[in-house]
Amino acid sequence: MDLMNQNKVFIILIDSLTHNDLQKCPQLSNLKNNAMHFPNAQTIFPSLTFSSISSMLTGLPPNKHGIIGNFYDRTQKKKMLFQDVRNWDPNAIATETIFEIASKNGLRTMMITGFAVGRICGRGADIILEPTYIKYEDIASFPFEVPLSKVPYWISEQIDDSYSFHVDDVNDPLGQKYVDNPDIWVMQLAKQAIKNDASDLLLFHFPYLDFLKHYYGKDSAEVNNHLPLLEKIIEELLSYIMNKYDSPVIFIMSDHGSTEVTERITLPIEDNSAIIIRNGGLSYLYSESNSLINEIQHKILSSFGSKVEFVARPHELSPYYVVTKDIGDLTVCFKGGVTDSHYAKAIHGSLSSSDMGIFLSLIGSNLSKGFHENGNILNIAPTIAEILNISFSNKTKERKDSLL
Ligand SMILES: [Zn+2]
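This one's a predicted model, so the numbers in the text were calculated from it and none came from an experiment.

Examining the sheet that holds strand β14 (residues 330-334)
Right, on to step 1. On the basis of which strands lie adjacent, the open sheet formed by 4 strands has the order β11-β12-β14-β13 and antiparallel pairing. Two strands bound the open sheet, and with one partner strand each, they are β11 (275-278) and β13 (308-310). Within this sheet the neighbouring strands show an average axis-to-axis angle of 25 degrees, counted without direction.
Right, on to step 2. Looking at chain direction, strand β12 (residues 282-286) and β14 are connected through 4 bridges and run antiparallel. Across the sheet, residue leucine 285 finds its bridge partner in β14, namely leucine 330.
Right, on to step 3. Lying over the sheet, helix α10 (residues 290-304) contacts β12, β13 and β14, oriented at roughly 15 degrees with respect to β14.

A few points about helix α7 (residues 182-196)
Right, on to step 1. Taking 1.5 Å of rise per residue, the 15 residues of α7 would be expected to cover 21 Å, and the 21 Å separating its terminal C-alpha atoms lies within 8% of that figure.
Right, on to step 2. Those residues of α7 that fall on the buried side of the exposure criterion are Pro182, Asp183, Trp185, Val186, Met187, Leu189, Ala190, Ala193 and Ile194.
Right, on to step 3. Those residues of α7 that are buried are in contact with β5 (109-113), β6 (127-129), β7 (201-206), α8 (208-216) and α9 (221-244).

Re unusual backbone geometry
Of all residues except glycine, most have a negative phi; of all peptide bonds, most are trans.
Right, on to step 1. Proline 46 follows phenylalanine 45 through a cis peptide bond whose omega is 0 degrees.
Right, on to step 2. You can see proline 46 is positioned in the loop between β2 (36-37) and α2 (49-58).
Right, on to step 3. Here lysine 77, not a glycine, exhibits a phi torsion of approximately 50 degrees, which is positive.
Right, on to step 4. Along the polypeptide, lysine 77 turns up in the loop between β3 (71-73) and β4 (78-80).
Right, on to step 5. Of note in the backbone geometry, asparagine 389 takes a positive phi value of approximately 60 degrees without being a glycine.
Right, on to step 6. When you line up the elements, asparagine 389 lands in the segment after α12 (380-387).

Digging into the pairing of β7
Right, on to step 1. Burial runs high along β7: 6 of the 6 residues are buried.
Right, on to step 2. Every second residue of β7 is oriented toward a common face, with Leu201, Leu203 and His205 on one face and Leu202, Phe204 and Phe206 on the other, all of them buried.
Right, on to step 3. In this structure, strand β1 (residues 9-14) lies alongside β7, joined through 6 bridges in parallel fashion. Following the sheet pairing, isoleucine 14 is matched in β7 by phenylalanine 206.

Procedures and definitions
Residues numbered from 1 in each chain as written. Predicted model: local features only at pLDDT ≥ 70, side-chain atom pairs only at ≥ 80, totals over all residues. Pairing = 2+ DSSP bridges. Helix = DSSP H or I, 4+ residues; strand = E, 2+ residues; numbered from the N terminus. Axes fitted to C-alpha atoms, helices over the stretch in contact; angles between N-to-C directions. Contact = placed C-beta atoms within 7 Å. Expected span 1.5 Å × (residues − 1). Buried ≥ 20, exposed ≤ 12 C-beta atoms within 10 Å, placed from the backbone.

Here it is, written out as structure tokens:
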């Protein structure tokens, strides 16, 4: 693609958006025809929000950037779950993000998210706005020490502060308690950012669709009622961006798909024989003893052999290869809507095509419209680097073509 003279990049990231969702949006169903569109675009395994967004922003798979979803920290002897992400190491990502690379090249970047992904995946962005950040009084005590000077001047009393997302509530993993819609909050900030800010790379992350799918189901009334709002958000943001800039490049994409839960199973793990960390479409099992793990694996196989796949010490060429220091001693990957999650109506994280498929379209005046093969979330960061004319050195053999 001809990317010369284009120097503003926007990512509109709609969490778990699929082609099927977009078909329910009459105004947007033409979007893919007016864009560079990747109908078979794929995310990485595990197809989880933190892993996928980390891959999107580093161009690397989880075994390189280190973010594998919820896990058990053997050193701290502590469960690390996304809902208490405040406890996560801010340097959890083991490699440079596109924000850091852009920053080294003198460019300005911003990430606005309605979920707690910014503090992990957005490292290096000049401005990260997520619900807890916006509460000025919290900023000073925030473990990441976001200086007040980083709060942009244009954020003011105009922001509706009624929405606050308590990420540290372990008893409310799906955030049932917050009734307000985080996408509206992100939209308010995104509009102000486009109007007032001079960043070169801006990421707007809308998480609510995924929350609704988890809580109510993929094709629930709640999801269907939310889609018209998403449609309006995308349309409005596109027109805001187009009115302000001559030749921006805009990514409209998702981080993963989702699968409706069809069967809930309980893994046969006796008390204290292993620690289980659930991630919806997969679970990590940790045990002190190899023989206990082998025993558990054997029991799971005899009870649920057709419903799970195992990833015990996977070979480097395996699609399950996500080996990091945090990986479980056994990874149980569920098939086709099976899960050990207690609550979710829809899940993701597995290798199934419904979890791995993502929405991916690029809009830009110099881009060739039409359908393209081989879209992958690993290609996003290097493509952004090319558009911004900066060098990109995160290398991986998993990424076949460096550019979209
Ligand atoms: Zn997600």
